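Structural overview
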Amino acid sequence: MLTTNRTFKYIYRLLKILPYKRRTDLISLIPVAIFSGIADVFVVFLVARMFNSFVGIPNEPSFPFSETLDFDPKAKILGLILLYVASTWVASIVKLFLKACQFKLKSQIWRDLAEISHRKILNQDYEYFISKSQGNISASVLTNVDRVSEIVVLPLLQLISGCFVVLFISTAVLLIAKSIALLLIISMLIGFTTISLIITPFLRKAAKKRIEIESKTNFILQESMKTILDVQLTNSEPFFEKKYKFAGRKSIPFIWRAQVLPEFPRALLEPFGISMIFLVGLLPFFMDQSNNQNFYEIIPFLGTIAVASLKLTPPLQDAFRAYTMLRAGLPDLIATLKIVDLPEKRLTLISESVPAPKNLIPKKIIELINISYKYPSTKNYVLKNINIKIPVGSKIAFVGKTGSGKTTAANILLGLLKQSRGSILVDNLKLRNIHIPSWQALGAYVPQTINFLNNDVIHNVAFGIEDKDIDIEKVWESIKAAQLEELVLKMPNNIYTNLGDNGIQISGGQRQRLAIARALYRDAKFIILDEAT
């Protein structure tokens with residue numbers, strides 16, 4: 001069974017993840033591939049008849065009603081030529097249509113995988129993001145998904161389509177040449193299998209190394225961009241250039257080998273096939289002295305087999321190359337499946353049984369009782385047996401030295417982190433997982449590091465809200481309450497001014513005030529300010 005093979009097990013998992021519509025689209029390629037195979041077989045059939053007509057050998061079997069129609073031999077040949085030309089056009093158009101269907105489906109699957117990966121990542125707990133490099137996460141979504149579509153999905157489509165084309169043409173060749181064709185096909189399969197077994201381990205190693213190096217270079221690139229202020233102030237450009245150059249150049253051998261090695265079976269298959277045709281076809285004629293067959297009589301046979309081989313070689317090459325790439329693409333496929341197989345842990349406001357936020361609005365007191373927390377993969381507790389009472393309407397401050405757990409306590413209070421031990425009570429109601437989306441909808445957070453969209457002031461205040469639902473008047477009210485009105489009015493396009501990548505065009509204090517405006521726009525019932533000044 002195919003599923004006993006490791007590669008096909010992972011491919012099967014990939015297909016199960018795709019939408020039902022995409023799987024039916026995949027099945028719909030089969031009739032097109034079958035028609036393409038039949039069209040090529042018909043072309044080979046016409047070639048055989050043309051060669052026989054050229055040398056005066058009767059065509060068997062004859063066309064229906066051909067005996068009752070007295071055609072001039074030249075007219076018959078002309079008719080065969082015209083039919084051959086027409087059938088070649090049809091076969092080429094069908095192939096082009098099949099290619100278009102394959103590339104269209106590959107693009108759709110690429111988009112499906114990208115969307116599934118994005119959704120799965122967004123629906124992870126906050127701990128997932130603090131335990132991983134965000135640069136590596138984004139690289140996995142963009143790079144691995146794109147590569148899987150190129151070296152797994154497209155080869156899979158080509159393999160499925162190619163198998164039908166190869167099956168039909170091989171059958172036709174076997175009917176024409178019988179034992180010679182069987183020997184030819186077996187020889188080509190043995191040759192490919194041998195080459196594939198030799199190069200596949202090298203391909204997988206190259207793919208695995210390439211993923212590791214690309215992840216490292218992507219991290220260095222993002223690191224140098226994020227710390228550009230320090231890079232320029234400390235004149236560290238040569239340090240990062242050298243670091244990036246060294247890591248990137250190490251990937252060059254793995255990249256070109258991964259691209260060249262799959263071409264070996266493809267490049268060697270055609271000359272090998274042609275050599276076998278003439279070797280097997282002509283050897284008996286020259287070796288058997290008792291063979292009285294006219295040399296010209298074997299020309300139609302050799303010509304037909306040669307044309308059939310030329311028709312068979314491209315889909316066979318594509319199928320062999322696709323199979324090699326599928327086996328070599330296993331590291332990329334595994335890396336992508338690690339993301340698309342992530343369980344969707346996080347509940348949202350639209351999840352079943354999640355209460356409305358208004359039902360959780362605190363009226364008297366918020367309590368943290370015996371709260372303890374340790375980060376994933378660590379043994380030491382950052383917080384241990386913390387007890388805090390926060391009366392509604394009060395303002396409290398968490399005071400402590402750096403690393404004492406103030407930000408961690410804020411993240412627990414917001415429901416971003418799940419406490420290892422202890423409870424959060426809102427008017428004696430114990431907050432559980434089902435309450436977290438509603439609780440978070442009531443709060444707002446102004447963190448130490450404030451992130452902004454590469455968009456205008458409006459969309460940074462009305463964060464994550466569709467254009468049609470944004471209340472411009474409320475945006476202005478929030479800006480005024482955060483004491484940003486004067487600054488915004490001086491901007492080139494006031495609230496329509498783009499703030500640049502992550503708000504690069506505004507100062508640290510202005511960033512904090514804009515974050516406060518964002519919190520006020522949400523009508524938050526409580527606000528947490530981390531390192532408020």
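A brief report on the enclosed structure follows. Residues take numbers from 1 onward in each chain, read along the sequence in its written order. Whole-chain, interface and lining totals are the exception, using all residues; otherwise, since this is a predicted model, local features are given only for residues with pLDDT of at least 70 and side-chain atom pairs are given and counted only at 80 or more. As a rule here, side-chain values come from all non-hydrogen atoms in the structure, and water together with hydrogens is ignored.

1. Structural notes on empty space enclosed by the protein
Detection works on a 1 Å grid of protein atoms alone, calling trapped sets that fit a 1.4 Å probe cavities and calling open sets with protein on both sides within 12 Å along at least five of seven lines pockets, with lining residues defined by an atom within 4 Å of a point. Grid points are joined across faces, edges and corners, and a volume is the space filled by probe spheres set on the points. Scanning all chains against the criterion turns up two cavities of 30 Å³ or more. Lining the largest cavity are Leu-14, Leu-15, Leu-18, Arg-22, Leu-26, Leu-105, Ile-109, Val-153, Leu-156 and Leu-157. The residue inventory of the lining of the largest cavity, partitioned by class, reads nine nonpolar, no polar and one charged. Its volume calculated, the second largest cavity comes out at about 40 Å³. Secondary structure elements are taken from DSSP: a helix is a run of H or I of four residues or more, a strand is a run of E of two residues or more, and numbering for both begins at the N terminus. Sorting the residues of the lining of the second largest cavity by element identifies α17 (485–490) and α18 (508–521) as the ones contributing at least two each. Residues are grouped as follows: Ala, Val, Leu, Ile, Met, Phe, Trp, Tyr, Cys and Pro are nonpolar; Asp, Glu, Lys and Arg are charged; all remaining types, including Gly, are polar. Along the lines of polarity and charge, the residues of the lining of the second largest cavity split into eight nonpolar, one polar and no charged.

2. Regarding the environment of Gly-191
Looking at where Gly-191 falls in the secondary structure, it is placed in helix α6 (residues 179–226). For the pair formed by Gly-191 and Phe-272, sequence separation is 81 residues and the distance between their alpha carbons is 8.8 Å.

3. Some remarks on helix α12 (residues 330–340)
Relative accessibility under 20% of the residue-type maximum defines a buried residue, over 50% an exposed one, and the middle range a partly exposed one, all with a 1.4 Å probe and only protein chains included. A large share of α12 lies buried, amounting to ten of its eleven residues. Along α12, the residues that are buried comprise Leu-330, Pro-331, Asp-332, Leu-333, Ile-334, Ala-335, Thr-336, Leu-337, Ile-339 and Val-340.

4. Overview of the side chain of Ser-36
Positionally, Ser-36 belongs in helix α2 (residues 20–55). The contact criterion used is simple: two residues touch if any of their non-hydrogen atoms lie within 4.5 Å. Other than its neighbours up to four places away in sequence, Ser-36 contacts Val-94, Lys-95, Leu-98 and Val-165.

5. Re the packing of helix α1 (residues 6–17) against α12
Here, axes are lines fitted to C-alpha atoms. For helices the fit covers the stretch in contact, and angles between N-to-C directions go from 0 to 180 degrees. Running from N to C, α1 and α12 point in directions that differ by 35°, and their axes come no closer than 10 Å. Once α1 is placed against α12, the crossing between them reads as left-handed. Across from Arg-6, Thr-7, Tyr-10, Ile-11, Arg-13, Leu-14 and Ile-17 in α1, the residues of α12 making contact are Leu-330, Leu-333, Ile-334, Leu-337 and Val-340. Considering only residue class, the contact of α1 with α12 consists of nine nonpolar, one polar and two charged. Left-handed describes a crossing whose near helix is turned anticlockwise from the far helix by less than a right angle; the clockwise case is right-handed.

6. A look at the side chain of Asp-530
Note that Asp-530 resides in the segment after β6 (526–529). The buried charged residue Asp-530 lacks any salt bridge partner; its closest oppositely charged side chain belongs to Lys-406, at an N-O distance of 6.7 Å. In protein, a polar contact means a hydrogen-donor-capable atom and an acceptor-capable atom, both N or O and within 3.5 Å, with residues adjacent in sequence counting only if both atoms are side-chain atoms; elsewhere, any N or O pair within 3.5 Å suffices. Only 3.3 Å separates the side chain of Asp-530 from the side chain of Gln-448, close enough to count as a polar contact. Contacts of Asp-530, omitting those with residues within four sequence positions, involve Thr-407, Tyr-445, Val-446, Pro-447, Gln-448 and Gln-512. Two residue types count as positive, namely Lys and Arg, and two as negative, namely Asp and Glu; His and chain ends fall outside the count. Within this document, salt bridges are pairs made up of a side-chain nitrogen of Lys or Arg and a carboxyl oxygen of Asp or Glu, the two lying within 4 Å of each other.

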